[in-house]
Amino acid sequence: MQDKTASKEDMLNKGNEFSTGEKPKVLTTTDFFTVAEERRSVRKYDTNYKMDEKEIRDILEAAILAPSSSNLQSWRFLVIEDQEAKEKLLPMAFNQQQVVEASAVIAVLGKEDAYKDANKIYGQLVENGSLPEEAKEGYVNNIVDMYSSASRDKRTRIAMIDGGLISMQLMLAAKAKGLDTVPMGGFDEKAFVEAFNVPENYEPVMLIALGKGEVAGFPKNRLPLDDILAWNKYE
Ligand SMILES: Cc1cc2nc3c(=O)[nH]c(=O)nc-3n(C[C@H](O)[C@H](O)[C@H](O)COP(=O)(O)O)c2cc1C
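Because the structure is predicted, anything quoted here is derived from the model rather than measured. (Residues numbered from 1 in each chain as written. Predicted model: local features only at pLDDT ≥ 70, side-chain atom pairs only at ≥ 80, totals over all residues.)

### A look at the UniProt feature "domain: Nitroreductase" (unreviewed entry) in the chain
Put simply, the rule is: UniProt positions are given in the numbering used here, feature names are shortened, and annotations may be inferred rather than shown by experiment. Secondary structure elements are defined from DSSP: runs of H or I of at least 4 residues count as helices, runs of E of at least 2 residues count as strands, and each element is numbered from the N terminus.
As recorded in UniProt, the sites labelled "domain: Nitroreductase" (unreviewed entry) are residues 37-212. The span residues 37-212 carries 47% helix and 18% strand; its end-to-end C-alpha distance comes to 18 Å.

### Looking at the sheet that holds strand β2 (residues 75-80)
Selection rule: Here, a strand pair is defined by DSSP locating no fewer than two bridges between the strands. An axis is simply a line fitted to the C-alpha atoms; with a helix, the fit covers only the stretch in contact. Between two such axes, the angle follows the N-to-C directions and lies from 0 to 180 degrees. Think of it this way: build a C-beta for each residue from its backbone, and any pair within 7 Å is a contact.
Judged by pairing direction, the sheet is antiparallel, and its four strands sit side by side in the order β2-β3-β5-β4 without closing on themselves. Single-partner strands in this sheet number two, and they are β2 and β4 (180-184). Recorded for the sheet is a direction-independent mean angle of 25 degrees between the axes of neighbouring strands. Judged from the five bridges that link them, β4 and strand β5 (residues 202-211) form a sheet pairing that is antiparallel. Counted as the bridge partner of methionine 184 is leucine 207 from β5. Here helix α8 (residues 152-176) sits on the sheet in contact with β2, β3 (104-111), β4 and β5, set at roughly 10 degrees to β5.

### Considering the packing of helix α3 (residues 53-63) against α8
What counts here: Roughly parallel means an angle under 35 degrees; roughly antiparallel, over 145; roughly perpendicular, 65 to 115; everything else is oblique. Whether a crossing is left-handed or right-handed is set by the direction in which the near helix is turned from the far one by less than a right angle, anticlockwise for left-handed and clockwise for right-handed. Classification used: nonpolar for Ala, Val, Leu, Ile, Met, Phe, Trp, Tyr, Cys and Pro, charged for Asp, Glu, Lys and Arg, polar for all others including Gly.
Look at α3 against α8: their axes get within 8 Å of each other, and the N-to-C directions meet at 130 degrees. Classed by the angle they form, the pair α3 and α8 counts as oblique. Remark: the crossing between α3 and α8 carries right-handed chirality. Here Ile59, Leu60, Ala62 and Ala63 of α3 lie close against α8, whose contacting residues are Ile166, Gln169, Leu170, Ala173 and Ala174. Of the residues assigned to the contact of α3 with α8, the class counts are eight nonpolar, one polar and no charged.

### Here we look at the nonpolar core
Selection criterion: Nonpolar cores are built from buried Ala, Val, Leu, Ile, Met, Phe, Trp, Tyr and Cys residues. These are joined into a set through C-beta atoms within 7 Å. Here a residue counts as buried when 20 or more other C-beta atoms fall within 10 Å of its C-beta, as exposed when 12 or fewer do, and as partly exposed in between; the C-beta atoms come from the backbone.
Of all hydrophobic cores here, the largest spans 37 residues; its most connected members are Val105, Leu170, Ile208 and Ala209. Of all the elements in the fold, those that place two or more residues in this core are α3, β2, β3, α8, β4 and β5. When near neighbours in sequence (up to four residues on either side) are disregarded, alanine 209 contacts Gln98, Val99, Ala102, Val105, Thr181, Val182 and Met184. Grouped together as the second largest cluster of nonpolar side chains are nine residues, Leu72, Ala118, Tyr147 and Ala159 included.

This is the structure we're talking about:
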């Protein structure tokens, strides 16, 4: 009898089988709706395409404009672009080839105790004249009270939401710059944290492979909007 179960590695690498084999579409516009429509998870990359630091930073600068809980910006990035480091990551990401073929893998991390940065963040507003010092004190005290009394689990959930928002913005920014991405939750978090010395207060959100796509991701299929939409309350 045929074995219908697939290993995690097989499953994750299967994404390529649905592809039409075409090159990703070259966008001639950065119109939001076109970018959103054309962003697809791309799993085959041009291995010769090297991104320089500026190109990566420009995408991250656009990504960090995303909203975050209390503006605490709990996201952190580990950019893995050194080939040896990507090779090290490969088995931890169940041998998903985009890890070594894309120009870089961005590990998006969530800092669970980001409330400790409140003073610095709200202090910037005082410095640029947007907020009086007394108001800042109030904001910061509230934030510290609220987050420090929440469980680590709750704070991690918040960091995961922030991390999801920034990841999406990063992927759209990359597409608008003519590049491609694939988000990856398929990796051994524990092994990754250990191997890359991730600080104890940073929780992995996802890995994002980033580079020049060689083969387009499979065309979008989505549940019809009416299958997932309710108005005002559930019956
Ligand atoms: C949180 C998350 C984890 C994902 N993990 C993987 C992964 O490990 N490997 C992979 O090839 N694709 C992964 N994907 C990509 C999804 O398969 C893809 O987004 C989905 O099929 C929709 O296709 P699209 O991104 O082209 O619109 C992940 C997506 C998300 C949002």
